[in-house]
Amino acid sequence: MNIQEFIEELISTIQNSELIKATFSNIRNKELELEKSFANLILIKGSTSLQIEYRYKRIIKHKNILITDKLELEKTLTELFNLAKDINIQTKKQNINIKISKKFKLAINRKNADNKLTITGQNKKKSYLLDENKPHAFLIELGIQSKDGKIKKERYSKFRQINKYLEFIDHAVKKLDPKKTIKILDFASGKSYLTFAAYHYLALEKNIKVNIIGIDLKKEVIDSCNEIAKNLNYSGLEFIYGDVADFSTTDEIDMLISLHACDTASDIAILKALKWKVKVFLAVPCCQKEINKQLKEKHIPFMLKHGIIKEKYASLLTDSIRADVLNSYGYKTDIIEFISEDNTPKNMLIRAYKESDFIDKAKLLEKKSYLANIGIEMMLLKQVTK
Ligand SMILES: C[S@@+](CC[C@H](N)C(=O)[O-])C[C@H]1O[C@@H](n2cnc3c(N)ncnc32)[C@H](O)[C@@H]1O
């Protein structure tokens, strides 16, 4: 059997909804920095798609292809088969291991399997960490579920966002010591849907001892969140009114989260995270104005003459530097999709897990001079290179 014949077989497995998971590893072209790729079926708005996750060294990307789009499936799978030397495919009926030689010859090993198919997706309750048919006191209190435990139709995208967020929390918490009380700070917590969700999930569903503090500039919102936490009997959750820049602590902080904090508030969160050597840092920055204001059209005129492109370019540059700063401080750092753009355009999550205390000053200075060359100064880089 050659590659093309096998791909034909795989496409019919996909179109019959029999694929569970495909893993593509041992990538030939090292320059791509692609470490692995996974494919599985997901449901998006009632239609089944093949979701491919590309795990690069520093970034994770996703691509969804409708299973009815045979041409695109063929093109994408051919690319993957030309890249990976080892492929594992789990279907409802078989486990298939494939080795692909230098000359692109296939060695296929098939075993019968007793795999049960689960299609995950945005419309399937199975894929959510929170059971959508069970009443959760915090969701009722926050007006996302009705008293009888039904998710309100107009709050469904919030429910989805909460669940997606909990997947990141679930991943992150595995980096921490489960025997200790986990201390989490949520900078710019706002109405705190996600803060309540994190508390509920960790304390009530996972039985982890946790202490979470949300901090925000809006006094009335903080008061109302404290009231809700009290009503829910969430003894390890509190909210403090104030500017995150002024917040100080002598406690050991395990996780610092900052979601949709405006402009340089994300940089302040990073600076505190570095100072406190937090083990996990999660941020979804928004309105990155600092670089945008200084960016001159002349640097890339054909791009930056368009306001919308300039804004996006400034955000990408800002967030890439933020991730790089964390990386220079010994964090394993990824920039990944937080939640689909259908929910919010502010959808890039900077995720950083502490791995060492080594600080790469040269790398920080290199970024600073790169920006200086295009006439830009960034508060974060200024602070970390003092
Ligand atoms: C868009 S809301 C995000 C709320 C929440 N984190 C979320 O993602 O749902 C932004 C919040 O950031 C807060 N904020 C902005 N700058 C801040 C600062 N320097 N200190 C504390 N809160 C800040 C605002 O008051 C607002 O509530």
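Treat the numbers as computed from the prediction; the structure is a model and nothing was measured. (Residues numbered from 1 in each chain as written. Predicted model: local features only at pLDDT ≥ 70, side-chain atom pairs only at ≥ 80, totals over all residues. Heavy atoms only, no water.)

S.K.: Tell me about helix H7 (residues 265-276), and please be specific about residues and values.
M.R.: Compared with the 16 Å implied by 1.5 Å per residue over 12 residues, the 16 Å span of H7 between its first and last C-alpha is a close match. Counting buried positions over the 12 residues of H7 gives nine, a clear majority of the element. What H7 keeps buried is the set Ala265, Ser266, Asp267, Ala269, Ile270, Lys272, Ala273, Leu274 and Trp276. Positioned one or two residues after H7, Lys277 has a phi angle of 50°, which is positive. (Helix = DSSP H or I, 4+ residues; strand = E, 2+ residues; numbered from the N terminus. Expected span 1.5 Å × (residues − 1). Buried < 20%, exposed > 50% of the residue type's maximum accessible area, 1.4 Å probe, protein only.)

S.K.: Describe the pattern of salt bridges, listing the residues and the values that go with them.
M.R.: As enumerated under the stated definition, the model contains 24 salt bridges in all. For Arg58, the salt bridge identified is with Glu33, shortest N-O distance 2.9 Å. Taken as a pair, Arg58 in the loop between strand S3 (47-56) and strand S4 (60-66) and Glu33 in the loop between strand S1 (19-27) and strand S2 (34-44) lie far apart in primary sequence, 25 residues in all. Judged by its relative accessible area of 32%, Glu33 is partly exposed. Of the charged contacts in the structure, one is a salt bridge between Lys363 and Asp324, with a shortest N-O distance of 3.9 Å. Residue Lys363 is found in helix H11 (residues 361-373), and its partner Asp324 is found in helix H10 (residues 307-328); the two are separated by 39 residues along the sequence. (Salt bridge = Lys/Arg side-chain N within 4 Å of Asp/Glu carboxyl O.)

S.K.: How would you summarise the nonpolar core if you had to cite specific residues and measurements?
M.R.: Buried together is how nonpolar side chains tend to be arranged in soluble globular proteins. In terms of nonpolar packing, the biggest core is built from 52 residues, with Phe138, Ile162, Tyr165, Phe196 and Met255 touching the most fellow members. If near-sequence neighbours (up to four positions away) are discounted, Phe196 is found in contact with Phe138, Leu142, Lys191, Cys225, Ile228, Ala229, Leu232, Tyr234, Leu237 and Phe239. Of all hydrophobic cores here, the second largest spans 39 residues; its members include Leu295, Leu304, Tyr329 and Leu371. (Core = buried A, V, L, I, M, F, W, Y, C linked by side-chain atoms within 4.5 Å. Contact = heavy atoms within 4.5 Å.)

All quantities given are derived from atomic positions and should not be read as evidence of function.
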